[in-house]
Amino acid sequence: MWIVDRAGQQVRSFSAAEVDLLERFADDNLTGQSVEQANSLLRRVRQDNQWLRCACAKPNPIMHIALLESGRFVLRNNPGGAEHLSQCPFGKSINRSAGPADNRAKITRFNMGSVIAPHGEFQGEGRSGTVAESMAPAQRSGVRYPTLSLLLTLLDDAQLNTYNPSVKVSLSEQFQRLREAASRYALANGSSLAGAMDTMINTGRMIALGKRVLEQVPKGKRAVGLLLDRIEGTEARSIKLLKGGKMELQGHVERFASNDGPLLALATVTPQKPFSKFFVIGHVATAAIASPNLLFPVTGQAERTVVLELIKLLHWLESKGEVVQLQKPLFDGDNSPDLILRSRTKVLPLVLARQDAGHSDSVPNAVVVPLGGDIQPAKNKIIATFLRSS
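Residues numbered from 1 in each chain as written. Predicted model: local features only at pLDDT ≥ 70, side-chain atom pairs only at ≥ 80, totals over all residues. Heavy atoms only, no water.

Engineer: An account of the overall build of the chain is requested, with residue identities and associated values reported.
Structural biologist: Looking only at helices and strands, one finds 8 helices and 18 strands in the chain. Evaluated residue by residue, the chain yields a buried proportion of 50% over its 390 residues. Sequence separation of 24 or more characterises 57% of the internal contacts of the chain that already satisfy a separation of 6 or more. Put simply, the chain shows about 19,200 Å² of open surface, and 48% of that area lies on carbon and sulfur atoms. (Helix = DSSP H or I, 4+ residues; strand = E, 2+ residues; numbered from the N terminus. Buried < 20%, exposed > 50% of the residue type's maximum accessible area, 1.4 Å probe, protein only. Contact = heavy atoms within 4.5 Å. Areas by Shrake-Rupley, 256 points an atom, 1.4 Å probe, with all protein chains shown as cover.)

Engineer: I'd like to hear about the packing of aromatic side chains, residue by residue, with values.
Structural biologist: Going through the model one piece at a time under the given rule, you end up with 0 aromatic pairs. In this structure, arginine 53 is placed above the aromatic ring of tryptophan 2, and the distance from its NZ or CZ to the ring centre is 4.5 Å. (Phe/Tyr/Trp six-rings, centres within 6.5 Å; stacked < 30°, edge-to-face > 60°. Lys NZ or Arg CZ within 6 Å of the ring centre and 35° of its normal.)

Engineer: Please provide a residue-by-residue account of the nonpolar core, values included.
Structural biologist: With 77 residues, the main nonpolar core has Leu178 and Leu326 as its most contacted residues. Examining the composition of this core, we find that 8 residues originate from one element, strand β13 (residues 279-291), more than from any other. Sequence-distant contacts of leucine 326, defined by excluding residues within four places in its chain, comprise Asn161, Thr162, Tyr163, Phe296, Val307, Leu310, Ile311, Leu314, Leu339, Ile340 and Leu341. Ala26, Leu30, Met63 and Leu75 belong to the second-largest nonpolar core, a separate cluster that totals 25 residues. (Core = buried A, V, L, I, M, F, W, Y, C linked by side-chain atoms within 4.5 Å.)

Engineer: A description of helix α5 (residues 171-182) should follow, citing residues and the corresponding values.
Structural biologist: Here α5 contains 12 residues, and its C-alpha end-to-end distance of 17 Å stays within 8% of the 16 Å for a straight helix at 1.5 Å per residue. Where α5 is concerned, the buried positions are Leu171, Gln174, Phe175, Leu178, Ala181 and Ala182. All buried residues of α5 fall inside an arc of 115 degrees around its axis, so they share one side. Looking at the packing, one finds that the buried side of α5 touches α4 (146-157), β7 (197-198), β8 (225-235), β12 (263-271) and β14 (294-298). (Expected span 1.5 Å × (residues − 1). Arc of directions from axis to C-beta.)

Engineer: Residues and numbers for the pairing of strand β4 (residues 62-67), please.
Structural biologist: Across 2 bridges, the pairing between strand β3 (residues 51-53) and β4 is antiparallel. Within β4, the residue paired with leucine 52 across the bridge is methionine 63. Sheet topology places β4 next to strand β5 (residues 73-77); 5 bridges connect them, and they run antiparallel. Bridge pairing in β5 links methionine 63 to asparagine 77. (Pairing = 2+ DSSP bridges.)

Engineer: I'd like a rundown of the sheet that holds strand β15 (residues 325-327), residues and numbers included.
Structural biologist: Spatial ordering of the open sheet is given by β6-β15-β16-β17-β18, a layout of 5 strands whose pairing is mixed. A strand with exactly one partner marks an edge of an open sheet, and here the two such strands are β6 (162-163) and β18 (367-370). Sitting on the sheet, helix α7 (residues 301-319) is in contact with β6, β15, β16 (339-342), β17 (347-353) and β18, with an inclination near 160 degrees to β15. (Axes fitted to C-alpha atoms, helices over the stretch in contact; angles between N-to-C directions.)

Engineer: Describe the state of the cysteines, with residues and values.
Structural biologist: Under the definition given, this model contains 0 disulfides. Lacking any disulfide linkage, cysteine 56 is separated from the closest cysteine sulfur, that of cysteine 54, by 3.7 Å. Note on cysteine 88: no disulfide assigned, nearest cysteine sulfur contributed by cysteine 54 at a separation of 3.7 Å. What makes cysteine 88 buried here is its relative accessible area of 5%. (Disulfide = S-S within 2.5 Å.)

Engineer: Before we move on, can you summarise unusual backbone geometry with the specific residues and values?
Structural biologist: Cis geometry is found at the peptide bond from lysine 58 to proline 59, where omega equals -5 degrees. Tracing the chain through its elements places proline 59 in the loop between β3 and β4. Notably, aspartate 28 is not glycine yet its phi reads approximately 55 degrees, a positive angle. By the element assignment, aspartate 28 lies in the loop between α1 (16-26) and α2 (33-47). For aspartate 28, a relative accessible area of 62% puts it in the exposed group. Phi at glutamine 159 is positive, roughly 60 degrees, even though this residue is not glycine.

Engineer: I'd like a description of the pairing of β8, backed by residues and values.
Structural biologist: Of all 11 residues making up β8, 9 are buried, and the element is well covered by its neighbours. Pairing between β7 and β8: 2 bridges, direction parallel. Considered in β8, the bridge of aspartate 198 is made with leucine 227. Inspection of the sheet shows β8 paired to β12 by 7 bridges, in the antiparallel sense. Along β12, the bridge assignment pairs arginine 230 with leucine 264.

Engineer: Can you lay out empty space enclosed by the protein for me, pointing to particular residues and giving the numbers?
Structural biologist: Sizing a probe to match a water molecule and rolling it over the atoms shows the empty space that remains. Scanning the model with the defined rule gives 2 cavities of 30 Å³ or more in all. Here the second largest cavity defines a volume of roughly 30 Å³. If you go around the second largest cavity, the residues you meet are Phe25, Arg72, Phe73, Val74, Leu75 and Ser93. Per-element tally for the lining of the second largest cavity: the top contributor is β5, with 3 residues. (1 Å grid on protein atoms, 1.4 Å probe; cavity = no way out; pocket = protein on both sides within 12 Å on 5 of 7 lines; lining within 4 Å. Points joined across faces, edges and corners; volume = space filled by probe spheres on them.)

Shown next as structure tokens:
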């Protein structure tokens, strides 16, 4: 059994003792200090962006290490890779933990008074005498993706998912809107969300924010801060900053849709152990945005291209005396339109699809805008809708 890099090249072989430890981990047959030894080994491999190659079959199955929301490590086969032999302990473990697939992001819109808990409180020492895995969200919150839910809630509250061509809003004003939206909420530890948030992601701001939230958090509660900023993208264990450089993260990434940058990111900042003053990036939630200077959320590069074309069209319509706003629904469910155009008297839903502009059966009266194709026919329908005499 081997550790390999992302290109499949061997980094090193596991010792016989390490293989035995990992096999017993896969069999869920570890106690005491052995639990932490296995977790420590898997944690190092995961942090180094490496995979495991199993010798049970040829071609060799390749596995990655996943961190569940409960904080527990599990082994998963890489998609499209070779299968394990039936008697392989790693194959048995993967089959046990697979369960039904559910790729839908369960996003929840926070309301005033909601419990916002990106991380649970520390539960004390683990069985091996060290701190248990601490990156899981609070189990009592009832929100599966709390960091992403909060990011989208702030965008919705700040009305940054609405573009009005008649109102020019600078980048600093857009971030000010997000700060004002944050002032309406509090974290589950009792501290103010606005007071626990900074609008720049870098190491210096993370350290400064950590010191600030330590002073604000009530005694006995876990300190949690939030960093909000534009980023280029995310990699396996790091955030790619917009101006270059990277920052490591210890938790997981919650994506609105695509990783096509630029992105707006909301990252949690928290210690990994009780009473620690050493802060790390925990989880990060991301949403693709229209451009570095326009925080309008999109699902990826294809939708970004359409949105920027529509914005040009909206400015042309404004020059003709018709103000039409563009809105991106964030919480309306699978049967809602992808985009909505609104004037004072008319509403036109838009459905984005990889097909020619036509009609939509799922959304009545919608214009279908093709992704990656010619959108001029759809633009003609939009023009006809809003410039047609009432």
